[in-house]
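Structure assessment
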Amino acid sequence: MIFELRKYSFGETLGKGINLYFNNIIPLVLLSMVCSVASIVVARSGAAIPMLGLVVNLFTTALLSGYMIVLVSNKYLGKRELEGSTLSRVMPFIPNIILASLLAGIIVGLGSILLVIPGLIAFCGLAFVPHAVVLEKKGITDSLKRSWELTNGHKVTIFGLHFVVTLISFLFAFPVSYLSESTGGGLGVLIEPLLNATITPVMAAVLVVQYFNMRVENENFGVEHLADQFTVDEEQRDQAVNE
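The structure contained in this document is the topic of the report that follows. (Residues numbered from 1 in each chain as written. Predicted model: local features only at pLDDT ≥ 70, side-chain atom pairs only at ≥ 80, totals over all residues. Heavy atoms only, no water.)

1. Details of the pattern of salt bridges
It is possible for side chains of opposite charge to pair when their charged atoms get near one another. The condition is simple: Any carboxyl oxygen of Asp or Glu that lies within 4 Å of a side-chain nitrogen of Lys or Arg is treated as forming a salt bridge with it. Numbering of helices and strands runs from the N terminus; a helix is a DSSP stretch of H or I covering at least four residues, while a strand is a stretch of E covering at least two. Residue exposure (1.4 Å probe, protein chains only): buried if accessible area is under 20% of the type maximum, exposed if over 50%, otherwise partly exposed.
Within this structure, the stated rule accounts for five salt bridges. For K7, the salt bridge goes to E217, with nearest N and O atoms at 3.9 Å. With K7 in the segment before α1 (10–23) and E217 in helix α10 (residues 185–219), this pair connects stretches of sequence that are 210 residues apart. The class of K7 is partly exposed, set by a relative accessible area of 37%. The closest approach of N and O atoms between R215 and E219, which form a salt bridge, is 2.9 Å. With R215 and E219 both in helix α10 and four residues apart, this pair spans about one turn of that helix. According to the relative accessible area criterion, E219 is partly exposed, its value standing at 28%.

Encoded structure:
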């Protein structure tokens, strides 16, 4: 499915993001489930290896974040994976995703300690650090700068998207969590990772749409992308003719 490359309204961004989520729900939820289960198993297995839980959590979070960004972006732009799988494309960026995300988290944390509002501003301004790392191949500090510059004039919209998606997720998760707890703790152990795996990719899909919204508005990304696609199509056609 290819979406029109233009600036979408707030409601359209939510709708397109949710649409992308459902169009890719199987791979998104499967990997999210694997990462969630891995983190839970390691966390509950005890501290046999110091810091193992933290390392596994950082790795799975970075892997899932990069995977969701690449997969949803490709679907949004109508691209197909021609060289290797989505996972193999994400792997080289995991160290930078982890380090850049940790740095962004420290900045957001400091802002929240000082006052809540600076923390929220930093959170919205640095929301696209992983996108800059994976899609634009930015370094650790450059990805923070890139996210901050890209979100200029869009932070209120980004906060609104987070608020609405979080509210929708809560309305979906609350009755499921309540039901699992009322039927016994054993069921809750199974429901918890499944619930997290189902909800987590929704925000990722919405943020991908917002990322391209900002690039379309700030950088005329639609024309640039179409030109790149035309060049690729021409090269593929020439190769086919030569073969």
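Having seen it, we continue.
2. As for the packing of aromatic side chains
To be explicit about the condition: Stacked, edge-to-face and tilted are the three classes for Phe, Tyr and Trp ring pairs, Trp counted by its six-membered ring, which pair at centre distances within 6.5 Å; planes under 30 degrees apart are stacked, over 60 edge-to-face, the rest tilted. Geometrically, a lysine NZ or arginine CZ counts as sitting over a ring once it is within 6 Å of the ring centre and also within 35 degrees of the ring normal.
Scanning the entire structure with this criterion turns up five aromatic pairs. Geometrically, the ring pair formed by Y76 and F212 is stacked, given 5.0 Å between the ring centres and 10° between the ring planes. A residue pair is termed long-range when its members are at least 10 positions apart, and Y76 in helix α3 (residues 52–77) and F212 in helix α10 qualify at 136 residues. In this pair, the class of Y76 matches that of F212, namely buried. The structure contains a cluster of three or more aromatic residues connected by ring pairs, namely Y76, F128, Y211 and F212. The cationic tip of K155 hangs over the ring face of W148; the distance from NZ or CZ to the ring centre is 4.3 Å.

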